[in-house]
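What follows is each chain in one-letter form.
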Amino acid sequence: MLIIPAIDLKKGEVVRLYKGRFDKISYYDVEIEKLVKEYLEANAKRIHIVLLYGAKTGKIEKEEEEKIKKIIEIKKLNNKDCEIQVGGGIRRKKQIEKFLELGINYIIIGTAFLIPFALSEGYGLQNIKFFYQRSGKNFELEKEVPEFELIDWLEPYIKEKIIISVDYVGDETALSGWEVTIPLKPSYVIKKFVEKGFKKFLITSIESDGTLAGVDIKNIERILKEISGFREKIEEIIVAGGISKEEDIISLDSLSYKPTGIIIGKALYQKKLDLKNVIQKYQKI
């Protein structure tokens, strides 16, 4: 499995949310430059970066953009082969192209694809508005999906660089910074996007994320089993949420339908896991 350390940014600061909630946020007094160097020295082959403010608002802040540039510079100087994947508020073709031109390897997209997909599955705009309202959030289509035909506009080489984010609560899929859920099964969403030609996916248990309470092994195993019939068409299936100890990694690595990668965040910030040790033991890619 690919062991992927995470960096969550909120206006340039390193943070971590509890179950994706912006009212339960932990700030970490750590320099991003130092953190990236630590990950590179541990032989990380990929680093996961989330722009939290962008995920919530659909707007990428200048501070976050500058931090991304700095991370790329550090990577080039210390380990140019390490890959970088970025997500959070990326909802326009020009944004995707800009990040790829900067040197980002993979772009993570959820909301901008999922809302058009939900509409194509028979949900009307009133349904979408209802899902937002029950979450206490206003629905603004142009903000959430500024380019409705985004999938159709992407060239094949760009689609190869896209990771579809399928975040879930129970049997529902989340969007808009995890503040809204829609009644679409994660495995069904993955299946349909495989049919659209996408090959890389990230599934995150929102109820486990940032809790240090362990992985949602039951639901993860179920989802991975449900997609097993078309697994050969998937290049990557990355799992995130709740990984806090080595036993969590062992559980995921022991599954019959195991993920190709896992993301670890808060457990690294709080020294619950040693990244170098975990990579040496479990990263066999």
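Now for a description of the structure that goes with this document. These numbers come from a predicted model, not from an experiment.

So, the overall build of the protein chain
Part 1 of the reasoning: In terms of helices and strands, the protein chain carries 14 helices and 12 strands.
Part 2 of the reasoning: By the burial criterion, 55% of the 285 residues in the protein chain qualify as buried.
Part 3 of the reasoning: Across the protein chain, every contact between residues at least 6 apart in sequence was considered, and the portion connecting residues at least 24 apart equals 74%.
Part 4 of the reasoning: Put simply, the protein chain shows about 12,500 Å² of open surface, and 46% of that area lies on carbon and sulfur atoms.

Concerning the pattern of salt bridges
Two side chains with opposite charge may pair up if their charged atoms get near one another.
Part 1 of the reasoning: According to the stated counting rule, one finds 20 salt bridges in the structure shown.
Part 2 of the reasoning: Glu 226 is the partner of Lys 185 in a salt bridge, and the nearest nitrogen-oxygen pair spans 3.4 Å. Highlighted residues: Lys 185 in the loop between strand S9 (180-182) and helix H10 (186-195) and Glu 226 in helix H11 (residues 217-226), separated in sequence by 41 residues.
Part 3 of the reasoning: By relative accessible area, which is 35% here, Lys 185 ends up partly exposed.
Part 4 of the reasoning: A salt bridge links Glu 246 to Lys 281; the nearest nitrogen and oxygen atoms lie 2.4 Å apart.

Some remarks on the pairing of strand S5 (residues 83-87)
Part 1 of the reasoning: Counting buried positions over the 5 residues of S5 gives 4, a clear majority of the element.
Part 2 of the reasoning: Pairing between strand S4 (residues 46-51) and S5: 5 bridges, direction parallel. In the sheet register, Val 50 faces S5, and the bridge partner there is Gly 87.
Part 3 of the reasoning: The sheet contact formed by S5 and strand S6 (residues 106-109) spans 3 bridges and is parallel. Counterpart to Gly 87 in the pairing with S6 is Ile 108.
Part 4 of the reasoning: Following the chain from S5 across helix H4 (residues 93-102) to the adjacent parallel S6, one finds a crossover that is right-handed.

A word on unusual backbone geometry
Part 1 of the reasoning: Within the chain, Asn 43 stands out as a residue other than glycine whose phi angle is a positive 75°.
Part 2 of the reasoning: On the secondary structure map, Asn 43 appears in the loop between helix H1 (32-41) and S4.
Part 3 of the reasoning: One non-glycine residue with positive phi stands out, namely Lys 271, at about 60°.
Part 4 of the reasoning: One can find Lys 271 in the loop between helix H13 (266-269) and helix H14 (275-282).

Considering the pairing of strand S7 (residues 162-169)
Part 1 of the reasoning: The element S7 is extensively covered by neighbouring structure, given that 7 of its 8 residues are classed as buried.
Part 2 of the reasoning: Relative to S7, S6 runs parallel, the two sharing 3 bridges. When the bridges of S7 are listed, Ile 108 appears paired with Ile 163.
Part 3 of the reasoning: Where S7 lies against strand S10 (residues 200-205), 5 bridges are found, and the strand directions are parallel. Each residue of the ladder has a partner; that of Val 166, found in S10, is Ile 203.
Part 4 of the reasoning: As judged from the 3 bridges shared by S7 and strand S8 (residues 172-175), these two strands associate in the antiparallel manner. Looking at the pairing, Tyr 168 lines up with Thr 173 of S8.

Side note on helix H6 (residues 125-134)
Part 1 of the reasoning: Buried within H6 we find Ile 128, Phe 131 and Tyr 132. Buried residues along H6 cover an arc of 95° about the axis, so they all sit on one side. In H6, the exposed positions angled more than 90 degrees off the buried face are occupied by Gln 126 and Gln 133.
Part 2 of the reasoning: In this structure, the buried side of H6 is in contact with helix H5 (111-120), helix H7 (141-144), S8 and S9.
Part 3 of the reasoning: Trailing H6 by a residue or two, Gly 136 shows a phi angle of about 80°, which is positive.

Reading the values: the criteria
Residues numbered from 1 in each chain as written. Predicted model: local features only at pLDDT ≥ 70, side-chain atom pairs only at ≥ 80, totals over all residues. Heavy atoms only, no water. Helix = DSSP H or I, 4+ residues; strand = E, 2+ residues; numbered from the N terminus. Buried < 20%, exposed > 50% of the residue type's maximum accessible area, 1.4 Å probe, protein only. Contact = heavy atoms within 4.5 Å. Areas by Shrake-Rupley, 256 points an atom, 1.4 Å probe, with all protein chains shown as cover. Salt bridge = Lys/Arg side-chain N within 4 Å of Asp/Glu carboxyl O. Pairing = 2+ DSSP bridges. Right-handed = clockwise from strand over helix to strand, strands pointing away. Arc of directions from axis to C-beta.

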